[in-house]
Amino acid sequence: MGTVKLPSNEDLQNGLDYILDFVISTDHVKIEAYVDKLAEQNKGISCDELAKKILHRKSIKNGLIGAITGLGGLLTLPVSIPADLICSWRIQASMAFSIAYVYGHTKDTTDLKTDLYLILAGDSVKEALKRFGIEASKAITKKAVEKYITRDIMIKIWKVVGQKIITKAGEKSLTSFMKMVPLIGAPVGFTFDWASTQAVGKFAIGYYRG
């Protein structure tokens, strides 16, 4: 079946940097318009209900389309990262941004790039905080992060976050390889993309709800 060639650690971290900058600087108008329209179509629902609706939609989208459509300007990404990984990251980052906006956060009121790094890393951030004896690890909310995370701790956390990004990229690349296997590939690809997006979205809701 051959071997799976993974991007370098530097490529992965530079690539995620590029994607987050793209989502925050270029996609923010579309993201805010999308949330506003969804809220208008579902008048009276709570922020939690709206966030969960976004989570459901983005999870299905990521599961169905993977990384073969909707890349847009990211086709110019100057690193050798698989297209499906780029698309998954973009969908998940856009979803987290949408959830942030639901709870009143915009790129002008909060450090969204740092937030998105923490959210995409998920449980790795909790694990890193446990190492430093920070009880906030039990519930990583935005208020907890602002209260407990100093610059020195953030530098240490980023080392763990970077490893998480690399691990997830490896899992995604292996899943992409499985998609080439008839009958097995499609459900494996859908399940991986749906589950990973669910995890990111639930973390984002808990983070911004706080």
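To be clear, the structure that these remarks concern was listed above.
These numbers were taken from a predicted model, which means no experiment stands behind them.

**Student:** Honestly, the nonpolar core in this entry has me stumped. Any pointers?
**Tutor:** If you look at soluble globular proteins, the nonpolar side chains tend to sit buried side by side. Residues Ile54, Ile99, Ile119, Tyr207 and Tyr208 are the most contacted members of the largest nonpolar core, which totals 42 residues. Residue assignment for this core shows that the elements contributing at least two residues are helix H1 (9-25), helix H2 (28-41), helix H3 (47-65), helix H4 (83-102), helix H5 (112-121), helix H8 (151-178) and helix H9 (185-209). With ten residues, H4 is the single largest residue contributor to this core. Apart from the residues within four sequence positions on either side, tyrosine 207 is in contact with Asp115, Leu118, Ile119, Ile140, Thr141, Lys142 and Val145.

**Student:** Which parts of the structure should I look at to understand the packing of H2 against H4?
**Tutor:** For any two helices packed against each other, the geometry is given by the interaxial angle and the distance between the axes. In contact at an axis separation of 9 Å, H2 and H4 are set at 55 degrees when each is read in the N-to-C sense. By the angle between their axes, H2 is oblique relative to H4. Of the two elements, H2 crosses H4, and the hand of that crossing is right-handed. Of H4, the residues touching H2 (which contributes His28, Lys30, Ile31, Glu32, Tyr34, Val35 and Asp36) are Arg90, Ser94, Phe97, Ser98, Tyr101 and Val102. Considering only residue class, the contact of H2 with H4 consists of six nonpolar, three polar and four charged.

**Student:** Looking at this structure, I do not really get the environment of phenylalanine 22. What am I missing?
**Tutor:** Here phenylalanine 22 lies in helix H1. Sequence separation between phenylalanine 22 and arginine 90 is 68 residues; the distance between their C-alpha atoms is 8.8 Å.

**Student:** What should I look at first to understand the pattern of salt bridges in this one?
**Tutor:** Side-chain pairs of opposite charge can arise where the charged atoms are in close proximity. Applying the stated criterion across every chain yields a total of eight salt bridges. Between lysine 142 and aspartate 115 there is a salt bridge, with its nearest N and O atoms 3.0 Å apart. Separated by 27 residues along the polypeptide, lysine 142 in helix H7 (residues 142-148) and aspartate 115 in helix H5 bring together distant segments of the chain. Classification of aspartate 115 as buried rests on a relative accessible area of 3%. One salt-bridge network, in which partners are shared between bridges, spans Asp17, Asp21 and Lys113.

**Student:** Mind showing me how you'd approach the side chain of lysine 142 here?
**Tutor:** Judged by its relative accessible area of 7%, lysine 142 falls in the buried class. Side-chain polar atoms of lysine 142 contact the side chain of threonine 110, separated by 2.7 Å. When neighbours within four sequence positions are excluded, lysine 142 is seen to be in contact with His105, Thr110, Asp115, Tyr207 and Tyr208.

**Student:** What should I look at first to understand the packing of aromatic side chains in this one?
**Tutor:** Here a ring pair, both rings aromatic, is described through the centre-centre distance and the interplanar angle of the planes. Applying the stated criterion across every chain, the model contains one aromatic pair. On the basis of an interplanar angle of 90 degrees and a centroid distance of 5.0 Å, the ring pair of tyrosine 207 and tyrosine 208 is categorised as edge-to-face. Over the aromatic face of tyrosine 34 sits the side chain of lysine 58, whose NZ or CZ is 4.8 Å from the ring centroid.

**Student:** Looking at this structure, how should I read the packing of H4 against H5?
**Tutor:** Where H4 contacts H5, the two axes come as close as 10 Å, and the packing angle between them is 115 degrees. Classified by chirality, the crossing of H5 by H4 is right-handed. Every residue of H5 that contacts H4 at Gln92, Ala93, Ala96, Phe97 and Ala100 is listed here: Leu112, Leu116, Ile119 and Leu120. Looking at the contact of H4 with H5, its residues break down into eight nonpolar, one polar and no charged.

**Student:** When you look at H5 in this model, what are you seeing that I'm missing?
**Tutor:** Owing to its 3.6 residues per turn, the α-helix brings residues three or four apart onto one side. Of all ten residues in H5, nine are buried; the element is thus mostly enclosed. Count one or two residues on from H5 and you reach glycine 122, which has phi positive near 60 degrees.

Procedures and definitions
Residues numbered from 1 in each chain as written. Predicted model: local features only at pLDDT ≥ 70, side-chain atom pairs only at ≥ 80, totals over all residues. Heavy atoms only, no water. Core = buried A, V, L, I, M, F, W, Y, C linked by side-chain atoms within 4.5 Å. Buried < 20%, exposed > 50% of the residue type's maximum accessible area, 1.4 Å probe, protein only. Helix = DSSP H or I, 4+ residues; strand = E, 2+ residues; numbered from the N terminus. Contact = heavy atoms within 4.5 Å. Axes fitted to C-alpha atoms, helices over the stretch in contact; angles between N-to-C directions. Parallel < 35°, antiparallel > 145°, perpendicular 65-115°, else oblique. Left-handed = near helix turned anticlockwise from the far one by under 90°. Nonpolar A, V, L, I, M, F, W, Y, C, P; charged D, E, K, R; others polar. Salt bridge = Lys/Arg side-chain N within 4 Å of Asp/Glu carboxyl O. Polar contact = N/O pair within 3.5 Å; in protein donor to acceptor, adjacent residues only side chain to side chain. Phe/Tyr/Trp six-rings, centres within 6.5 Å; stacked < 30°, edge-to-face > 60°. Lys NZ or Arg CZ within 6 Å of the ring centre and 35° of its normal.

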